[in-house]
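Examination of the molecular architecture
Below are the chains, spelled out letter by letter.
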Amino acid sequence: MIPLREAQDFVLEACATLSPHPVPIDEALGCVVATPVLATEPVPPFVNSSRDGYALRARDTEAAVDRQPVRLTVVGSIMAGSTLDAPIEVGQAARIMTGAPLPDGADAVCMLEDCADEAGGGVVVIGHPVTEGTAVRLVGEDVAAGDTVAAAGTVLTPGHIGVLANQGMDEVMVHPRPRVGVLSTGDELVSTSGPLAPGQIRDANRRVLLALVRREGWIPVDLGIVGDDEELLTTALEDAATACDVVITTGGVSVGDLDIVKVVLANQSGGTMRWMQVAIRPAKPFAFGVLDGSDTPVFGLPGNPVSAMVSFELLVRPAVRRRGGHRSLDRPVVSARAESDLRRRPDGKTHFVRALGSLDQHGVWRVCPVDGQDSHQLRAMADANALAILPDGDGVWAGGVVDLMLIDPDRISASTATPGAHRR
Ligand code: AMP
Ligand code: MG
């Protein structure tokens, strides 16, 4: 057996970051910026009002007091998207809406709430001095030309997409989303919804992995099911090498009679393939190599669905994130208090116990194992939002502290999680 870290390093070594590519900004959410993006245009592009009100000259309001308000002549009205042709002269004001350009001559805006109309809107009455610059947005206050709006390595959020749109950019240079092929192997597998013949099972892994790929924002490529047949598997992998940036197979990597995936992978990866016994439970067997004639890494995951998912989290996800240009590769790990015993026997392996983590009202993480820890028990895995990491040894008793890897970003602030609720 080899330590998990060694397997991870071996994999990462072979997973180079994909070359930068221009991508339409509407497709770039979650992608990693490859070259710094510099602003060419100031935002806001012109001086404008941040309120609905009256644009005026601050000096004209200096004398205003409640009992002796100042009256200004309203010379026009400016909506967002329009302009006023003539400048504001002494004693004048213009009605102005939020986002409309401040007219020449004006240097402040009095909010509608702070003034009154007179003479059917022909005059505005101001009862207090308005300071210069009030309710005025200056050019470049948000972004100045030359600013770096997205540094290399930035993971683009919806806000960044808007910042790029403000620059009039249609495309952005990012590391492309990896195209990840998913292939199930095994003579026992069927994908259809019809009745099962004796000995057959449904192919859960492909659906699980395609969903994980989608959740990561990568491009899923469904490579279907291939039986335990050397020739068919060879052809499938040859095709996958050109269609994908990463290939994930499940099944056929343990020590059984028909575990031909590792044989085919060995033939197809020009000696780079390594078949490993990783010192973890579940997901001990693991194969990895780079497909011939390409730089496409291929991951051979075990067939048991829970093992496949744990293997994905520990070995596939960090490596594919690196392909996509991410700098932070690993899931967050927090310290959590065990709500119940997390006991185990020493066996030289690190155990990844499927668990429900939740933050209590004091900000302390608490963890409870889900019921059903065998590697075929997918339902329990589906309930889990975390993996409790138990180093080799006897585990911890209730009340002890354990490292908890949070694997479900949608259920991280799981104050609603009710540990044990699924138990029968
Ligand atoms: P293997 O790694 O091929 O020896 O398979 C280990 C276990 O996982 C066996 O019980 C298989 O039937 C099961 N298995 C393999 N592939 C899948 C799959 N795609 N979906 C669900 N179970 C699978
Ligand atoms: Mg098999």
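About the criteria used
- Counting restarts for each chain, with residues numbered from 1 along the sequence as it is written.
- Chain letters and ligand numbers both follow the written order, the letters beginning at A and the numbers at 1.
- Only residues with pLDDT of 70 or above have their local features reported here, since the model is predicted, and side-chain atom pairs are shown and tallied only from 80 upward, although totals for entire chains, interfaces and linings are computed over all residues.
- With hydrogens and water set aside, each side-chain value is computed from the structure's full complement of heavy atoms.
- Numbering of helices and strands starts at the N terminus; helices are DSSP runs of H or I of at least 4 residues and strands are runs of E of at least 2.
- Here the globule rule is a power law, 2.2 Å times the number of residues to the power 0.38, and the radius of gyration is based on C-alpha atoms.
- We call two residues contacting when some pair of their heavy atoms lies within 4.5 Å.
- Under the convention used here, a 1.4 Å probe and the Shrake-Rupley method define accessible areas, while residue burial counts only the protein chains that appear.
- For the charge count, each Lys or Arg is scored as positive and each Asp or Glu as negative, with His and the chain ends excluded.
- Each charge is placed at NZ for Lys, CZ for Arg, CG for Asp and CD for Glu.
- Each reported salt bridge corresponds to a side-chain nitrogen of Lys or Arg within 4 Å of a carboxyl oxygen of Asp or Glu.
- The rule is simple: take the accessible area with a 1.4 Å probe, protein chains only, and divide by the maximum for that residue type; under 20% is buried, over 50% is exposed, in between is partly exposed.
- Defined by distance alone, a disulfide is two cysteine sulfur atoms within 2.5 Å.
- Here a residue is near a molecule or strand as soon as one of its heavy atoms is found within 4 Å of it.
- Polar contact is defined as a pair of N or O atoms within 3.5 Å, subject to the rule that within protein one atom must be able to donate a hydrogen and the other to accept it, and that residues adjacent in sequence are counted only when both atoms are side-chain atoms.
- Each residue gets one label: Ala, Val, Leu, Ile, Met, Phe, Trp, Tyr, Cys and Pro are nonpolar, Asp, Glu, Lys and Arg are charged, and the others, such as Gly, are polar.
- Two strands pair under a simple rule: DSSP has to find at least two bridges between them.
- Where helices are involved, their axes are fitted lines through C-alpha atoms of the stretch in contact, as for all axes, and angles between N-to-C directions lie from 0 to 180°.
- We define a nonpolar core as any set of buried Ala, Val, Leu, Ile, Met, Phe, Trp, Tyr and Cys residues linked to one another through side-chain atoms lying within 4.5 Å.
- Lining residues are those with an atom within 4 Å of a point, where the points come from a 1 Å grid over the protein atoms alone and group into cavities, where a 1.4 Å probe fits but cannot get out, or pockets, open sets with protein on both sides within 12 Å along at least five of seven lines.
- Grid points are joined across faces, edges and corners, and a volume is the space filled by probe spheres set on the points.
- These descriptions rest on fixed angle ranges, namely under 35 degrees for roughly parallel, over 145 for roughly antiparallel, 65 to 115 for roughly perpendicular, and the rest for oblique.
- Two helices that cross are described as forming a left-handed crossing if the nearer one is turned anticlockwise from the farther one by less than a right angle, and a right-handed crossing if clockwise.
- This arc is built from the directions going out from the helix axis to the C-beta atoms.

1. Here we look at the overall build of the protein
Scanning the protein from terminus to terminus reveals 7 helices and 29 strands. The globule rule puts the C-alpha radius of gyration for 424 residues at 22 Å, and the 31 Å found for the protein is more than 25% above it. With respect to the three principal axes, the spread of C-alpha positions in the protein is 95 × 55 × 45 Å. For the protein, contacts bridging at least 24 residues in sequence account for 72% of all contacts bridging at least 6. Working note: accessible area of the protein is about 20,000 Å², and carbon and sulfur atoms make up 51% of it. Considering the protein, the positive charge centre built from 36 side chains and the negative charge centre built from 54 side chains are found 8 Å apart.

2. What about the pattern of salt bridges?
Going through the model one piece at a time under the given rule, you end up with 18 salt bridges. Between Asp222 and Arg206 there is a salt bridge; the shortest N-O distance is 2.8 Å. Of the two residues, Asp222 sits in strand 17 (residues 219–226) while Arg206 sits in helix 3 (residues 204–215), which places them 16 residues apart along the sequence. Given a relative accessible area of 44%, Asp222 falls into the partly exposed group. Classification of Arg206 by relative accessible area gives buried; the value is 5%.

3. Remarks on the state of the cysteines
Counted under the stated rule, the structure contains 0 disulfides. The structure places no disulfide on Cys15, whose sulfur is separated from the nearest cysteine sulfur, that of Cys244, by 14 Å.

4. Considerations on the site of ligand 1
Close to ligand 1 lie 16 residues, the nearest being Glu188, Asp203, Ala204, Gly252 and Gly303. The separation between a nitrogen atom of ligand 1 and a polar main-chain atom of Asn205 is 3.3 Å. Relative to its free-state accessible area of 490 Å², ligand 1 is covered by the protein chains to the extent of 76%. Elements that contribute at least two residues to the shell around ligand 1 include exactly strand 16 (201–202) and helix 3. Per-class residue counts for the shell around ligand 1 are 4 nonpolar, 8 polar and 4 charged.

5. Regarding the sheet that holds strand 7 (residues 92–96)
Pairing in this open sheet of 6 strands is mixed, and the strands run 8-5-7-6-10-9 from one edge to the other. The sheet is open, and its two edges are formed by strand 8 (108–111) and strand 9 (115–118), each paired on a single side. Geometrically, the sheet is characterised by an average inter-axis angle of 40° between neighbouring strands, direction not taken into account. Summarising the sheet, strand 9 and strand 10 (residues 123–126) pair through 4 bridges and their orientation is antiparallel. Of the residues in strand 10, the one forming a bridge with Glu118 is Val123.

6. Brief notes about the nonpolar core
Core analysis: the largest hydrophobic core is formed by 40 residues, its most contacted members being Ile248, Phe286, Phe299, Val310, Leu314 and Phe352. Those elements giving two or more residues to this core turn out to be helix 1 (4–13), strand 14 (179–185), helix 3, strand 18 (246–250), strand 21 (285–290), strand 22 (297–301), helix 6 (305–323) and strand 27 (386–390). Among the elements that make up this core, the one with the highest residue count is helix 6 (9 residues). In this structure, Ile248 is in contact with Val180, Gly181, Val182, Leu183, Leu209, Phe299, Leu301, Phe312 and Val316, ignoring residues within four places of it in sequence. The next biggest cluster of nonpolar side chains, apart from the first, holds 19 residues, and it includes Val221, Val226, Leu237 and Val264.

7. Here we look at unusual backbone geometry
For the bond running from Val43 to Pro44, omega is -5°, close enough to zero to count as cis. Tracing the chain through its elements places Pro44 in the loop between strand 3 (37–38) and strand 4 (48–49). A positive phi angle, near 60°, is found at Ala135, a position not held by glycine. Following the sequence through the fold, Ala135 ends up in the loop between strand 10 and strand 11 (136–137). With a phi angle near 80°, Ala283 is a residue other than glycine that sits in the positive phi range. Along the chain, Ala283 falls in the loop between strand 20 (280–281) and strand 21.

8. So, empty space enclosed by the protein
If you walk through the whole model with that rule in mind, you get 1 cavity of 30 Å³ or more. Reported here for the largest cavity is a volume of approximately 100 Å³.

9. Comments concerning the environment of Asp107
Tracing the chain through its elements places Asp107 in the loop between strand 7 and strand 8. Placed 80 residues apart in sequence, Asp107 and Glu27 show a C-alpha to C-alpha distance of 41 Å. Every residue in contact with Asp107, bar those within four places of it in the chain, is listed here: Leu56, Arg57, Ala58, Leu102, Glu132, Gly133, Thr134 and Val136.

10. Let's talk about the packing of helix 1 against helix 6
Packing of helix 1 against helix 6 leaves a shortest axis separation of 9 Å and a crossing angle of 30°. When the axes of helix 1 and helix 6 are compared, the pair comes out roughly parallel. Note on packing geometry: the crossing formed by helix 1 with helix 6 is right-handed. Between helix 1, through Leu4, Ala7, Gln8, Val11 and Leu12, and helix 6, the contact on the second element is made entirely by Leu314, Leu315, Pro318, Ala319 and Arg322.

11. Points about helix 1
Those residues of helix 1 that fall on the buried side of the exposure criterion are Leu4, Ala7, Gln8, Val11 and Leu12. For helix 1, the angular spread of buried residues about the axis comes to 130°, placing them on one side.

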